[in-house]
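Read off the chains here:
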Amino acid sequence: MLRKISTSLKGAARLADRRHRPRDLVLPGLKDAAEIAYDAHGIPFISAWSQPDLFEVQGFACATDRLFQLIYLKHVAAGRIAELFGDRPVEWRDLSIHFRDKTLVDLDYFLRCLGLARAASESLKALSRDSVLALEAYARGVNAAIDDQKRRGLPPEFVLLGLTPEPWSPVDSVSILKLLAFQLNYSWRNILMLDHLSTPPPRISEWGIEVTPRTQEVIDRALAKSPSARYGSATA
């Protein structure tokens, strides 16, 4: 069943980038009419008669304003960043010293080994029926916005990159949740460092640590006194 969604802009001023509002749209799957009301600052307020309709309209509103961000995060979670920007150097200072001198292909390899998208697929199977229905409704809304923007003209990021957005799925939403959780978890950096320490490289500088000769003497003395033979010795 197709139902209409109306968008309106409340407040004294209309934003220049909201000139397409108000208008009526038809979204697939809506059981009743719904409304997105935008205030003078462009903040959406959604009214719907059921949760599935609410989540579908939310997906539409989110993708209408943030489509490239959604598609970008989808590619990041799946280890597909290089598809967007090519094999260019990683801004490692924003991530970890472990990515110094690495490229986006290396980062994609790391993310695919991490398996956020695979974990999202498994998590989706364990979710409650209500949660799955909500994610499916949200995906319908995102895809409706994608179709709408294809007709009206995609955002400039897609034009510059020559990119056509792929259909959205519930797995994509769960993947982004896992990506955000990973980004908020700083222990993975410690895990990588501990892995380095368990099998130390022959040169301290390979850890990303630059040492003076005096500091190296201190390190050598400390290693010589260490009761753990598995750390061996290291040189700068």
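Please read all numbers here as calculations on a predicted model, not as lab measurements. (Residues numbered from 1 in each chain as written. Predicted model: local features only at pLDDT ≥ 70, side-chain atom pairs only at ≥ 80, totals over all residues. Heavy atoms only, no water.)

## Quick word on the packing of helix α1 (residues 51–77) against helix α7 (residues 170–183)
- One can describe the packing of α1 onto α7 by two numbers: an axis separation of 9 Å at closest approach and a directional angle of 70°. Relative to α7, α1 is oriented roughly perpendicular. Judged by residue contacts, L70, L73, K74, V76 and A77 of α1 engage D172, S175, I176 and L179 from α7.
- Looking at side-chain class alone, the contact of α1 with α7 contains six nonpolar, one polar and two charged residues. (Axes fitted to C-alpha atoms, helices over the stretch in contact; angles between N-to-C directions. Helix = DSSP H or I, 4+ residues; strand = E, 2+ residues; numbered from the N terminus. Parallel < 35°, antiparallel > 145°, perpendicular 65-115°, else oblique. Contact = heavy atoms within 4.5 Å. Nonpolar A, V, L, I, M, F, W, Y, C, P; charged D, E, K, R; others polar.)

## A short note on the environment of I46
- Inspection of the secondary structure assignment puts I46 in strand β4 (residues 44–47).
- On a C-alpha basis, the gap between I46 and V57 in space is 7.3 Å, while along the polypeptide they are eleven residues apart.

## Focus: helix α4 (residues 116–126)
- For α4, every residue scored as buried is listed here: L116, A120 and L124. Buried residues along α4 cover an arc of 80° about the axis, so they all sit on one side. Facing away from the buried side of α4 by over 90 degrees, the exposed positions are R118, K125 and A126. (Buried < 20%, exposed > 50% of the residue type's maximum accessible area, 1.4 Å probe, protein only. Arc of directions from axis to C-beta.)

## Here we look at the pattern of salt bridges
- For the structure on display, the rule yields eight salt bridges.
- Between E83 and R80 there is a salt bridge, with the nearest N and O atoms lying 2.9 Å from each other.
- It is possible to trace a salt-bridge network through shared partners that takes in K74, R80, E83, E166 and D172. (Salt bridge = Lys/Arg side-chain N within 4 Å of Asp/Glu carboxyl O.)

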